[in-house]
Amino acid sequence: MQKKRDWKIIYLLLNHQVVSLDLLSSLDGLLWLQSGAKVGALFKQHQTTVSRNQKKCAQVFGITLSKSKSQWKTQGDLTLLELEREVHQVARLQGKSCLRIEVNGWIDHPLFNPPPTGWIAGSANNLNDPHSLQCLKQHIIDACLCPLTDLPAESDDYVIIPLNITIEVGFTVLKQHANHERILDLINSLKQAQKRA
């Protein structure tokens, strides 16, 4: 079964046109932040551009993006989209674009306003662990702030890194990125900023 999936992925990749960072950020931004206005502000795009980009992006991947019960969701075969997200996340980790952090309502905290260098900080309309963790696992965001008093359930997919600063928070990141230089730099810069405060 795995071999069949691998051949399908190879076929899709060979016959697929890569999408730009801006195009995918519009689609993924809506799924992450759940608001076109927030996506436009965060990614510095006009709201009509966000709408046009997400439609183009969905068309390239052969999926649909629709709103149901006030929540944006995708439908269709997401295999190619998931692979593209992984490629874009690697590009972000290599410094080709800003990394993304979900700050879960701490958007106005001095540590995130303005966001640390090389990062953009967003706070989704849907503030709950399953939503943030889903965005993390889907490579839509790169880190997620979580209160240490209310930790998400353990998983083989991610790790929780305590910040050891005066506020009782830590980061949830994908396990494979826990020791990445840019993730470690973020933690160090937040600790330094907290010392200066």
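## Considerations on the overall build of the chain
Next, step 1: For the chain, the count of helices and strands is seven helices and seven strands.
Next, step 2: Element order for the chain, N to C, with α for helix and β for strand: α-α-α-α-β-β-α-β-β-α-β-β-β-α.
Next, step 3: A burial count over the chain gives 46% of its 197 residues as buried.
Next, step 4: When contacts within the chain are restricted to residue pairs at least 6 apart in sequence, those whose partners lie at least 24 apart make up 55%.
Next, step 5: Summing over all exposed atoms, the chain offers an accessible surface of approximately 10,800 Å²; the carbon and sulfur share of this is 53%.

## Some words on the pairing of strand E7 (residues 169-174)
Next, step 1: Counting buried residues along E7, six of its six residues qualify, which places the element largely inside the surrounding structure.
Next, step 2: Of the two faces of E7, the one carrying Val 169, Phe 171 and Val 173 and the one carrying Gly 170, Thr 172 and Leu 174 are both buried.
Next, step 3: In the sheet, strand E5 (residues 143-147) pairs with E7 via four bridges, with the strands oriented antiparallel. Of the residues in E7, the one forming a bridge with Cys 146 is Gly 170.
Next, step 4: Summarising the sheet, strand E6 (residues 158-162) and E7 pair through five bridges and their orientation is antiparallel. Residue Ile 160 lies in a different strand from E7, and its bridge partner there is Thr 172.

## Examining the side chain of His 139
Next, step 1: Along the chain, His 139 falls in the loop between helix H6 (129-137) and E5.
Next, step 2: Residue classification places His 139 among the buried residues on the basis of a relative accessible area of 11%.
Next, step 3: Only 2.5 Å separates the side chain of His 139 from the side chain of Gln 89, close enough to count as a polar contact.
Next, step 4: If we ignore the near neighbours within four places in the chain, the residues touching His 139 are Arg 85, Glu 86, Gln 89, Arg 92, Leu 174 and Gln 176.

## Structural notes on the packing of helix H2 (residues 21-33) against helix H3 (residues 36-43)
In a packed pair of helices, the relevant descriptors are the angle between the two axes and the axis-to-axis distance.
Next, step 1: Here H2 crosses H3 at 125 degrees, and the two axes come no closer than 9 Å. Considering their axes alone, H2 and H3 lie oblique with respect to each other. Crossing angle aside, the handedness with which H2 passes H3 is right-handed. The residues of H3 that touch H2, namely those facing Ser 25, Ser 26, Gly 29, Leu 30, Trp 32 and Leu 33, are Gly 36, Lys 38, Val 39, Leu 42 and Phe 43.
Next, step 2: In the contact of H2 with H3, the residues fall into six nonpolar, four polar and one charged.

## Focus: the state of the cysteines
Next, step 1: Overall, the coordinates contain zero disulfides when judged by the stated rule.
Next, step 2: Of the cysteine sulfurs around Cys 135, a residue in no disulfide, the closest is that of Cys 144, at 8.6 Å.

## A word on the environment of Glu 86
Next, step 1: You can see Glu 86 is positioned in helix H5 (residues 79-93).
Next, step 2: A relative accessible area of 36% means that Glu 86 is categorised as partly exposed.
Next, step 3: Once the C-alpha coordinates of Glu 86 and Ile 140 are considered, the two residues, 54 residues apart in sequence, prove to be 8.7 Å apart.

## Observations concerning unusual backbone geometry
Next, step 1: Pro 114 follows Asn 113 through a cis peptide bond whose omega is 5 degrees.
Next, step 2: Secondary-structure assignment places Pro 114 in the loop between strand E3 (99-102) and strand E4 (119-122).
Next, step 3: Despite not being glycine, Lys 69 shows a phi value in the positive range, around 55 degrees.
Next, step 4: Secondary-structure assignment places Lys 69 in the loop between strand E1 (64-68) and strand E2 (71-75).
Next, step 5: Its identity is not glycine, yet Ser 70 carries a phi of approximately 65 degrees, on the positive side.
Next, step 6: Mapped onto the fold, Ser 70 is located in the loop between E1 and E2.
Next, step 7: Residue classification places Ser 70 among the exposed residues on the basis of a relative accessible area of 65%.

Criteria and thresholds
Residues numbered from 1 in each chain as written. Predicted model: local features only at pLDDT ≥ 70, side-chain atom pairs only at ≥ 80, totals over all residues. Heavy atoms only, no water. Helix = DSSP H or I, 4+ residues; strand = E, 2+ residues; numbered from the N terminus. Buried < 20%, exposed > 50% of the residue type's maximum accessible area, 1.4 Å probe, protein only. Contact = heavy atoms within 4.5 Å. Areas by Shrake-Rupley, 256 points an atom, 1.4 Å probe, with all protein chains shown as cover. Pairing = 2+ DSSP bridges. Polar contact = N/O pair within 3.5 Å; in protein donor to acceptor, adjacent residues only side chain to side chain. Axes fitted to C-alpha atoms, helices over the stretch in contact; angles between N-to-C directions. Parallel < 35°, antiparallel > 145°, perpendicular 65-115°, else oblique. Left-handed = near helix turned anticlockwise from the far one by under 90°. Nonpolar A, V, L, I, M, F, W, Y, C, P; charged D, E, K, R; others polar. Disulfide = S-S within 2.5 Å.

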